[in-house]
Amino acid sequence: MAAISIDSQRLWKSLMDLAKIGATEKGGVRRLALSKLDGEARDLFIRWCKDAGCNIAIDGIGNIFARRPGKENALPPIITGSHIDTQPSGGKFDGNYGVMSGLEVIRTLNDRNIRTQAPIEVAVWTNEEGSRFTPVMMGSGVFVGAFPLESTLQRADLEGITVGQALTQIGYAGAEKIGGRPVGAYFEAHIEQGPILEDTRKVIGVVVGALGLRWYDVVITGQDAHAGPTPMRLRKDALLAAANVVAEINALAYRYQPDGRGTVGFMQVKPNSRNVVPGEVRFSVDLRHAQDAMLDRMESEMRAACERLAKAGNVGASVERVANYPACEFDASCVSAVRNAAPLPRLCG
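Keep in mind that what you see is a predicted model, and the values were worked out from it rather than measured.

Quick notes on the rules
Residues numbered from 1 in each chain as written. Predicted model: local features only at pLDDT ≥ 70, side-chain atom pairs only at ≥ 80, totals over all residues. Heavy atoms only, no water. Axes fitted to C-alpha atoms, helices over the stretch in contact; angles between N-to-C directions. Helix = DSSP H or I, 4+ residues; strand = E, 2+ residues; numbered from the N terminus. Parallel < 35°, antiparallel > 145°, perpendicular 65-115°, else oblique. Left-handed = near helix turned anticlockwise from the far one by under 90°. Contact = heavy atoms within 4.5 Å. Nonpolar A, V, L, I, M, F, W, Y, C, P; charged D, E, K, R; others polar. Phe/Tyr/Trp six-rings, centres within 6.5 Å; stacked < 30°, edge-to-face > 60°. Buried < 20%, exposed > 50% of the residue type's maximum accessible area, 1.4 Å probe, protein only. Lys NZ or Arg CZ within 6 Å of the ring centre and 35° of its normal. Pairing = 2+ DSSP bridges. Expected span 1.5 Å × (residues − 1). Arc of directions from axis to C-beta.

A. The arrangement of the packing of helix H8 (residues 238-254) against helix H9 (residues 292-312) in detail. Contact geometry for H8 and H9: axes closest at 10 Å, N-to-C directions at 155°. Between H8 and H9, the interaxial angle falls into the category roughly antiparallel. Helix-helix and strand crossings are classified by hand; for H8 and H9 the assignment is right-handed. In this structure, H8 contributes Ala241, Asn244, Val245, Glu248, Ile249, Leu252 and Ala253 to the contact, and H9 contributes Met298, Glu301, Met302, Ala305, Cys306, Arg308 and Leu309. Partitioning the contact of H8 with H9 into residue classes produces 10 nonpolar, 1 polar and 3 charged.

This is the structure in C-alpha cells:
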C-alpha cells in the first residue's frame, strides 16, 4: 500500500481550536481535570468524533473511547490516544497532540475510504496529569486495574470535591463497565516533554520505555513562632528543614545519573506570614529511574535524609508514598512498528 499522509493543516486547526478552551494570556492552557473547561473540551472532542462516524463509550472513571468500526469488529481494537486535561500552567500540545493525532488518523482513513481489519479507538484518559486529583494517570490506572474504582472516585481535590462529584458535575460519570475491554495494541503520539531531542538536534524519536515513577507527600512539623522575639537557637523552623530536604533530593538525583530524577514541585507553608517562623510545611516529592531496584535505593535514601534533616532541625517529618508506577519496557513489536515506519533515534522517557 502506498504511504498515506494526514492533513497536517486540519490537525493543526484541531489543536488550536481545542487550545481555545482554557487559553491563558501567555499562550498556554489551564484546563484542570474534570473542571467545567475539561467538560467543554470533552464535549468538543466527542462532537468531532461523531462527525467522523465514531461510536462513543464512556466508562465509570470518565475515560472516553471513540470507536471506528473495522472489517472484523470482534477483533480487539487498536487504540491510540492520550489526555486533554492540563497542568495549571499547561501547554497546547501535551496530551492533546496524542488525542488529536488519533482523531486525524480516523479522518484520514475516512477521506481515503479505507476500512481497517480491526476497529480503531481513540482514547481520552481521565486525570492523567494528576495536578488536581491524585494519583497521576488515574483514568488509565483504573482501566488496567492498578487503582480500584470506588476508592478512586472518593479522592478529593484541595477544595474537598471528589472525583465522583466532579464527574457528575460535568456529565461524564459514564455507564460503561471498567475492565474486560480488549486491547489489540496501544500507541501514543506525544510531544517530548524535555529538551533531549533539541539538545541532540533530532526531530522525532521512538520511545522504548517509561521511567519508574514514585510520588510522595511529605509533612515537616515544627513550631510557629514570632520572628522577632524567638532566638535562632530556639526555633523549630519547618521551612528551613524542608529547604534542606529539597536540596538533598536534588543531590540524590544527581547521584543516580543518567536516569535518576528528583523533583519537588508543590509546597504549602503554614501560617505563611512574613513575620512568623513556619510551623508546618507540606510538599511533594517526585522520584524516577529506569530501574526499579535503583528507585528502591533512591526512596530509601530520601526517607533517611528526611529523618536525619528533621532531627537536625528539631522538627518532625512524615513521608507517605501516594503513587508508584514501575519502570516499563514497551512491547518490542509495537516499538518495531513505529521504528520501521520512520527510522528514528532511540529514546527512553
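B. Looking closely at the packing of aromatic side chains. Counting across every chain of the model gives 6 aromatic pairs. Residues Phe65 and Phe143 carry aromatic rings whose centres are separated by 5.6 Å and whose planes lie at 40° to one another, so their mutual orientation is tilted. Here Phe65, found in strand E2 (residues 64-68), pairs with Phe143, found in helix H4 (residues 138-143); they are 78 residues apart in sequence, far enough to count as distant. Relative accessible area serves as the criterion here: at 1%, Phe65 is assigned to the buried category. For Phe143, a relative accessible area of 15% corresponds to the buried category. Following the ring pairs from residue to residue traces out a cluster consisting of Phe65, Trp125, Phe143 and Tyr186. Directly above the aromatic system of Trp48 lies the positively charged group of Arg107, at a separation of 5.5 Å from the ring centroid.

C. Examining the sheet that holds strand E3 (residues 78-82) more closely. Ordered by their spatial adjacency, 5 strands build an open sheet running E1-E2-E4-E3-E5, and the pairing between neighbours is mixed. The outermost strands of the open sheet, each flanked by one partner alone, are strand E1 (55-58) and strand E5 (185-187). Neighbouring strand axes in the sheet, compared pairwise and without regard to direction, differ in orientation by 25° on average. Here E1 runs beside E2; their pairing, made up of 4 bridges, is antiparallel. Within the sheet, the bridge partner assigned to Ala57 lies in E2 and is Phe65. Each of E1, E2 and strand E4 (120-124) is contacted by helix H2 (residues 36-51), which is oriented at about 10° to E2, the strand it contacts most.

D. Up close: H8. Given a rise of 1.5 Å per residue, 17 residues ought to cover 24 Å, and the 25 Å separating the end C-alpha atoms of H8 matches this to within 8%. Turning to H8, its buried residues are Ala238, Ala241, Ala242, Val245, Ile249, Leu252 and Ala253. Around the axis of H8, the buried residues are gathered within 115° of arc, so they sit on the same side. Counted as exposed and oriented over 90 degrees from the buried face of H8: Leu240 and Tyr254. The inward-facing, buried residues of H8 abut strand E8 (212-221), strand E10 (261-263), strand E11 (267-270), strand E13 (280-289) and H9.

E. Seen up close, the environment of Gln268. Mapped onto the elements, Gln268 comes out in strand E11. The partly exposed category is assigned to Gln268, whose relative accessible area is 31%. For the pair Gln268 and Ser318, spaced 50 residues apart in sequence, the C-alpha to C-alpha distance is 15 Å. Residues in contact with Gln268, not counting those within four places in the same chain, are Leu158, Glu280, Val281 and Arg282.

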